[in-house]
Amino acid sequence: MRVLAFLLLLAVAAGAQNSGIQGSVTDSSAAVLVNATVTIKNLDTGVATKVTSNEQGLYLAPLLNPGRYQVECTASGFAPQTVKEFRLEVGQTARINFEMKPGAVAESIDVSASAALLNAQTTEVGQVIDSKRILEMPLNGRNYLQLAQFTAGVLPGGIGVGSRARDEGQFAAVGMQTNQNNVLLDGNDNSSRTSGGPLGFEAQAVKPPVDAVDEFKVVTNNMSAEYGFRAGAKVIVNTKQGGNDFHGSAYEFLRTQSLDATNFFANRAGARKPAYQQNQFGGTFGGRIIKNRTFFFGSYQGTRIRFGQSYVSSVPSRDIIERFDFSQQPAVRRNVFDPLTLTGTGAAAARDPFPGNRIPATRIDPVIARLLPLYPASNIAGRDNLPDNYFFSPKDSDDADQYDGRVDHNFSEKHRAFVRYSHRDQFRNQNGTLPFPAMGGQGQTVDLRGKNLAASLASTLTPTMFNDLRFGYSKFDTTFDIPFTENLNPQFGIRNAPGDTIETGSKGGFSRFSPAGFAEMGPRSFWPNFNNLDSRMITNTTLWQRGRHTIKWGGEYRRTNVYRDAARFRRGQFGFSGAFTSQQPNNGASRGNSGNGMADMILGWVSGGTYGNNQGENIVAPYYGFFLQDDWKVTDRLTINAGIRWEVFHRGTFPDATRQSVGRYLLGTETIVFPSSDSDCGCQNDRNNWAPRVGLAYQLNSKTVIRSGGGIFYGEPGSLSTEGANFRSGPPRSQDIAIQQNFETTTVFVRNG
């Protein structure tokens, strides 16, 4: 993906990837002071960082954690100056200038930090969501990522109304696709992926509670060359760290149906109010291990939700289930005709009616005879023979546990490190529209297991050179399944389902039956669906201050592995249109006013459907990115950011390729080929992704900064299994086969499988 952007924006604040403090040291005549000492102290941890001003009188302290800081400047022959306290935000480059005045060391001058709030050093545009807003804003579900929508240019993402990914905080920024956003949790990739759909329909792998998030920043545009991998917004999230003092919290949030109104469908059916109970509880605790040196922070959040659904379905009446009698059905589906009595051809072809619109018991398909009793009896008064005659209000469950732990250690003034681990366990049980085991073709269980590990080593190599080394590991295993542990096809007499003979995957459940005009029988197709993400990354950034230039260079390596195994139609699906019990099968008006999908099903005459085997792939896609960036402070008011980035997005390869179902159709030779080895991508990788970036920030006055920027941006493919690979899962090793019949007769009968 390649996007060319040029933006002219007016803003009051912006930030870069790493938090830091910079500024100038001069005397009262504006002459620069060389070798002045600037001491930056974190007020929560007591950790101090010392830097000196260079030959231009400029100082720089990068790679700082967000937090409360005190900044003091000292120089020989001048009175010390101190900014007693100010807040450094995530991704912020704060500027604090000192104008030193002659005086004794015993004297001290306090300096206001208000100017530090105006960032005139970088061109990136975005929004910081601080800890106060994260904790105090009402959030249903307490998902911090939903607050990203406060950022200018951000809209809710996801596809369709009620999209799961949207509900989990997915968003679209400045017109980019949602899968081009990148969530960086303490510098490590925490984004979900798309593989046959968003993994777990989630926006991120782990979800730290709002109490564990210090603050986060959404960068939407004017990004410098150090940003890459995805072309959309960057969400830079910092988790909380411990301090010298011990702090903790405990909480529980409760919602209950006792305070809710009922809904229309429950009222209409005369049923009780659907259940709703939501409990979110947990706590945090942090403090010191070694004063001013080593700190810890941990959090836990548990979520327990019981949510009553309201489903209205059309089930066969007792007359149909017990006596196969359609005579009391509405006129449009009352008259059923015997498919064995067809005479004539073409539009004149016609059938004789079943006497009294009742199918003889001797004609009932034996498989259907076992399945029909699984349909529940209608329960809406006066509608036994009418559509929408059954109300079902099951209780879904959603149980989640999130654990986070972080340790920060200061080896010395020159070397600091942290490691943070997050773990997520979540299990949902979502009922079908009919009771188990009928299910109505719906119902599922969702099992989400996420892990995210981040580690960093920040070093001061020389007074003007700094380095930041980061490692990250993310694993997100998602399973969509059906609530069956046993293969019921043999019990019902269903034969020849492909999944019954496939050695791998779950064999639970039974085939799905879809009679037109009635609720389906059986669990949903496609599941189980296993989608697993394994992502590893290592990045290194070096920063060198030389005169008025701050030069950055670095690179990153990522290895993304996505495994997908979807059951598809391995259990089979039978469709019943009602055409075989219509009077004139080749006349559309007759098919619309006679025949019944349930009658076709009772006879076992199949008009359509699908069967097949599993589909999926195990795909690996490495990534390399390198950048060079120069932030040039031309004057005290004007800063130019210029850089270039080079990226390589490897096309997907397939480990153990001979055992995978991927292939490729070649138009020129009319042949299907398969990966020849585990490293065969069927391609030549594009190594020409050069992405120049340029921007400027001009401080117009004490309250206004003008920013302008442009560049070329590349992003990883939206879906590795389709856009990111030249081989795809499909025929001949994996395929769905559709059952297609004419309107007069069928070659597929349920009893035969």
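Our subject is the structure that appears above.
Residues numbered from 1 in each chain as written. Predicted model: local features only at pLDDT ≥ 70, side-chain atom pairs only at ≥ 80, totals over all residues. Heavy atoms only, no water.

J.: Which parts of the structure should I look at to understand the overall build of the chain?
T.: A tally of helices and strands in the chain yields 8 helices and 39 strands. Across its three principal axes, the chain shows a C-alpha extent of roughly 115 × 70 × 45 Å. A separation threshold of at least 6 residues defines the contact pool for the chain, and within that pool the share at least 24 residues apart is 73%. Accessible area for the chain stands at about 31100 Å²; split by element, carbon and sulfur atoms hold 55% of it. (Helix = DSSP H or I, 4+ residues; strand = E, 2+ residues; numbered from the N terminus. Contact = heavy atoms within 4.5 Å. Areas by Shrake-Rupley, 256 points an atom, 1.4 Å probe, with all protein chains shown as cover.)

J.: Honestly, the packing of aromatic side chains in this entry has me stumped. Any pointers?
T.: The way to describe two aromatic rings as a pair is by their centre distance and the angle between their planes. For the structure shown, the criterion picks out 25 aromatic pairs. Taking 6.4 Å as the distance between ring centres and 40° as the angle between the ring planes, the aromatic pair formed by tyrosine 59 and phenylalanine 98 counts as tilted. On the criterion of sequence distance, the pair formed by tyrosine 59 in strand β5 (residues 58–64) and phenylalanine 98 in strand β9 (residues 98–100) is long-range, its members being 39 residues apart. Overall, tyrosine 59 belongs to the buried group, its relative accessible area being 1%. Centroid distance phenylalanine 229 to tyrosine 623: 5.0 Å. Interplanar angle 70°. Geometry classified as edge-to-face. (Phe/Tyr/Trp six-rings, centres within 6.5 Å; stacked < 30°, edge-to-face > 60°. Buried < 20%, exposed > 50% of the residue type's maximum accessible area, 1.4 Å probe, protein only.)

J.: Just checking my understanding: could you explain the sheet that holds strand β30 (residues 573–576) for this structure?
T.: What holds strands together in a sheet is hydrogen bonding between their backbones, with the strands either parallel or antiparallel. The 4 strands lie next to each other as β27-β30-β31-β39, forming an open sheet whose pairing is mixed. Of all the strands in the sheet, just β27 (512–515) and β39 (736–740) have a single pairing partner and so form its edges. Pairs of neighbouring strands in the sheet enclose a mean axial angle of 15°, with direction left out of account. Pairing geometry for β27 and β30, over 4 bridges, is parallel. Bridge pairing in β30 links proline 515 to phenylalanine 576. (Pairing = 2+ DSSP bridges. Axes fitted to C-alpha atoms, helices over the stretch in contact; angles between N-to-C directions.)

J.: Honestly, the side chain of serine 535 in this entry has me stumped. Any pointers?
T.: Position of serine 535 relative to the elements: it lies in strand β28 (residues 526–546). Not counting residues within four places of it along the chain, the set of residues in contact with serine 535 comprises Asp189, Arg193, Gly472, Tyr473, Ser474, Arg559 and Thr560.

J.: Any chance you could explain the nonpolar core here in plain terms?
T.: Counting residues in each nonpolar core, the largest one holds 59 residues, and the members touching the most others are Ile359, Tyr375, Phe510, Phe513, Met598 and Ile602. In terms of residues, this core owes the most to one element, helix α8 (residues 597–603), which gives 5 residues. Other than its neighbours up to four places away in sequence, isoleucine 602 contacts Ile320, Phe324, Phe326, Ile359, Arg363, Ile364, Asp365, Ile368 and Leu372. In this structure, Ile21, Leu64, Tyr69 and Val83 belong to the second largest nonpolar core, which totals 27 residues. (Core = buried A, V, L, I, M, F, W, Y, C linked by side-chain atoms within 4.5 Å.)

J.: What is the right way to read the sheet that holds strand β16 (residues 213–221) from this model?
T.: Strand order in the open sheet made by the 5 strands is β11-β16-β17-β14-β15, with mixed pairing throughout. Where the open sheet ends on each side, the last strands, each with one partner, are β11 (125–129) and β15 (188–189). One ladder, built from 6 bridges, connects β16 with strand β17 (residues 234–239); its direction is antiparallel. Counted as the bridge partner of glutamate 215 is asparagine 238 from β17.

J.: I'm lost on the pattern of salt bridges in this one. Help?
T.: Here the idea is simple: oppositely charged side chains can pair when their charged atoms come close. Summed over the entire model, instances satisfying the criterion amount to 34 salt bridges. Of the charged contacts in the structure, one is a salt bridge between aspartate 425 and arginine 449, with a shortest N-O distance of 3.0 Å. In this pair, aspartate 425 is assigned in strand β24 (residues 415–430) and arginine 449 in strand β25 (residues 444–462), connecting sequence segments 24 residues apart. Look at the salt bridges and you will find they share partners, linking Asp189, Arg193, Arg230, Glu556, Arg558, Arg645, Glu647 and Glu716 into a network. (Salt bridge = Lys/Arg side-chain N within 4 Å of Asp/Glu carboxyl O.)

J.: I tried to follow the pairing of strand β2 (residues 19–27) on my own but got confused; where do I start?
T.: The two faces of a sheet get side chains in turn, since along a regular strand they alternate between them. With 9 of 9 residues buried, β2 lies mostly within the body of the structure. Pairing analysis gives 5 bridges linking β2 to β5, with the strands arranged antiparallel. Among the inter-strand pairings, serine 24 is bridged to a residue of β5, identified as leucine 58. Sheet topology note: the β2/strand β8 (residues 93–95) ladder contains 3 bridges and is parallel. Looking at the pairing, glutamine 22 lines up with arginine 95 of β8. With 3 bridges connecting them, β2 and β9 associate as parallel partners.

J.: Quick question: what am I supposed to make of the environment of alanine 455 here?
T.: Relative to the assigned elements, alanine 455 resides in strand β25. Distance from alanine 455 to asparagine 188, taken between C-alpha atoms, is 8.4 Å for residues 267 residues apart in sequence. Filtering out sequence-adjacent residues up to four positions away, alanine 455 remains in contact with Phe418, Val419, Leu469, Arg470 and Phe471.

J.: Please explain the state of the cysteines as it appears in this structure.
T.: Cysteine pairs can be linked by a disulfide, which is a covalent bond between their two sulfur atoms. Enumeration over the complete set of coordinates arrives at 1 disulfide. Between the sulfur atoms of cysteine 681 and its disulfide partner cysteine 683 the distance amounts to 2.1 Å. Because the torsion about its S-S bond is -95°, the bridge between cysteine 681 and cysteine 683 counts as left-handed. (Disulfide = S-S within 2.5 Å.)

J.: Teacher, can you tell me more about the environment of proline 373 here?
T.: Among the structural elements, proline 373 can be located in the loop between α5 (366–371) and β22 (390–392). Look at proline 373 and you get exposed, because its relative accessible area is 56%.

J.: It is not clear to me how the side chain of aspartate 319 should be interpreted in this structure. Could you clarify?
T.: Checked against the element boundaries, aspartate 319 lands in helix α4 (residues 318–323). Owing to a relative accessible area of 15%, aspartate 319 belongs among the buried residues under this scheme. Setting aside chain neighbours within four positions, we find aspartate 319 in contact with Phe324, Asp325, Gln328 and Asn385.

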